[in-house]
Amino acid sequence: LHNSPDEVLKLLRHKNNVGEDKEIQTEVVGAILLHIPTTIITRLIANDALITACTALGVLLIGVISTLGLTRRIVGPVSIVTEAAIALQKGQFKSSDLDLIKTREDEVGTLAKVFGAMAKELNSQRETLEVQVRERTNDLEEKNQLLEEVNRQIEGELNVAHGLQQAILPVDFPKVPGYRAFGMM
């Protein structure tokens, strides 16, 4: 028989015409010796162990697959954002590098959107600076050319003034006893 203790009590009450509200005396009046071959118990234990092992293996497999899936879902996009940061540092960033991640509606998608906007602003500022540097370099080159031209004019005028001074400087001085005179430029 495979009856639960409650079922056994119900059967006893029914056989003895005892109602639910009356107590049945449950004292020990004897013992039963059962002889069950150990092969049956061993087989049941082996089946339970196999079921437990398969369940544990299934849970482990589900855990590994879930971990791999979550890792790909999170680490993969973060790696792409990291590569985009390296490309930005080298000046090789393209906004399209983050297009797939920007469509996500989670924190990684938000990170990609913010990073893309920041990179766009940084590239814009870099281009503005490059334009300003080129303009100022051109201005400096023009001013240097102007300075060189003015310098050549001044050197030319100094040469003319030197020549005039040389022309008006006497070559021979009158001889005065006790004095020596000479002129030089």
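Refer to the structure printed above.
So, here is what we can say about the structure in this document. Computed from a predicted model, the values in this text were never measured in an experiment.

**As for the pattern of salt bridges**
Scanning all chains against the criterion turns up one salt bridge. The closest approach of N and O atoms between Asp 106 and Arg 104, which form a salt bridge, is 2.4 Å. Each of the two residues, Asp 106 as well as Arg 104, counts as buried.

**Some thoughts on the packing of aromatic side chains**
Tallied over the full model, the rule gives one aromatic pair. Taken together, a centroid distance of 5.7 Å and an interplanar angle of 85° make the contact between Phe 93 and Phe 115 edge-to-face. Within this pair, whereas Phe 93 is found in the loop between α2 (38-90) and α3 (99-102), its partner Phe 115 is found in helix α4 (residues 107-168), the two being separated by 22 residues in sequence. The exposure classification of Phe 93 matches that of Phe 115, with both residues buried.

**Thoughts on the nonpolar core**
Counting residues in each nonpolar core, the largest one holds 11 residues, listed as Val 81, Ala 84, Ala 87, Leu 88, Phe 93, Leu 98, Ile 101, Val 108, Ala 112, Phe 115 and Ala 119. Of all the elements in the fold, those that place two or more residues in this core are α2 and α4. Contact partners of Phe 115, with chain neighbours within four places excluded, come to Val 81, Ala 84, Ala 85, Leu 88, Phe 93 and Leu 98.

**A look at a nonpolar patch on the surface**
Taken together, the side chains of Ile 36, Ile 40, Ile 41, Leu 44 and Ile 45 present a nonpolar region at the surface, about 450 Å² in accessible area. Checked against the element boundaries, Ile 36 lands in the loop between α1 (5-15) and α2. Relative accessible area serves as the criterion here: at 47%, Ile 36 is assigned to the partly exposed category.

What counts and how
- Residues numbered from 1 in each chain as written.
- Predicted model: local features only at pLDDT ≥ 70, side-chain atom pairs only at ≥ 80, totals over all residues.
- Heavy atoms only, no water.
- Salt bridge = Lys/Arg side-chain N within 4 Å of Asp/Glu carboxyl O.
- Buried < 20%, exposed > 50% of the residue type's maximum accessible area, 1.4 Å probe, protein only.
- Phe/Tyr/Trp six-rings, centres within 6.5 Å; stacked < 30°, edge-to-face > 60°.
- Helix = DSSP H or I, 4+ residues; strand = E, 2+ residues; numbered from the N terminus.
- Core = buried A, V, L, I, M, F, W, Y, C linked by side-chain atoms within 4.5 Å.
- Contact = heavy atoms within 4.5 Å.
- Patch = residues over 30% accessible without salt bridge, like charges linked within 9 Å, V, L, I, M, F, W, Y side chains within 5 Å.
- Areas by Shrake-Rupley, 256 points an atom, 1.4 Å probe, with all protein chains shown as cover.

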